[in-house]
Amino acid sequence: MTARPSRPLVGLMALAILATVIAWDAARTGLPDPFSTPAPFALGSGAAPEGAHCSGG
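Sequence positions are assigned chain by chain, starting from 1 and proceeding in written order. This being a predicted model, a pLDDT of at least 70 is required before a residue's local features are given, and a value of 80 or more before pairs of side-chain atoms are given or counted; all residues contribute to the totals for chains, interfaces and linings. Think of the side-chain values as coming from all heavy atoms in the structure, minus any hydrogens and water.

Engineer: Can you help me understand the overall build of the chain in this one?
Structural biologist: Helix and strand definitions here come from DSSP, where helices need a minimum of 4 consecutive H or I residues and strands a minimum of 2 consecutive E residues; each element is numbered from the N-terminal end. Across its full length, the chain holds 1 helix and 0 strands. Partly exposed describes any residue whose relative accessible area lies between the buried limit of under 20% and the exposed limit of over 50%, with all areas from a 1.4 Å probe on protein chains only and scaled to the type maximum. Residues classed as buried in the chain amount to 0% of the 57 residues present. Within the structure as shown, the chain displays about 5700 Å² of accessible surface, and the carbon and sulfur contribution to it stands at 67%. Computed by Shrake-Rupley with a 1.4 Å probe, the accessible areas treat only the displayed protein chains as cover when residues are assessed.

This is the structure:
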């Protein structure tokens, strides 16, 4: 029989792998600029719809 890792150890390893992937991706591509990204929801923003079949124009 082999010793199995405990749940906290597996969780810690998963978080470490996730942090490593995020750090590698940020180092490779750079962090996004939060001031140049579009708003996730444009409700009431006054921006006119464009480019879709439902734009009504």
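Engineer: Hey, could you run me through a nonpolar patch on the surface in this one?
Structural biologist: Patch building starts from residues that exceed 30% relative accessible area and form no salt bridge, then joins like charges within 9 Å and nonpolar side chains (Val, Leu, Ile, Met, Phe, Trp, Tyr) within 5 Å. A pairing counts as a salt bridge when a side-chain nitrogen of Lys or Arg comes within 4 Å of a carboxyl oxygen of Asp or Glu. Together, Leu9, Val10 and Met13 make up a nonpolar patch on the protein surface, roughly 250 Å² of accessible area in all. Among the secondary structure elements, Met13 is positioned in helix H1 (residues 7-29). Judged by relative accessible area, which is 43%, Met13 ranks as partly exposed.

Engineer: Where do I start with H1 in this structure?
Structural biologist: Each turn of an α-helix holds 3.6 residues, which means side chains three or four residues apart point in the same direction. Helices are assigned an expected span. That span is 1.5 Å times one less than the residue count. Spanning 23 residues, H1 covers 33 Å between terminal C-alpha atoms, matching the ideal 33 Å at 1.5 Å per step. Trailing H1 by a residue or two, Gly30 shows a phi angle of about 85°, which is positive.

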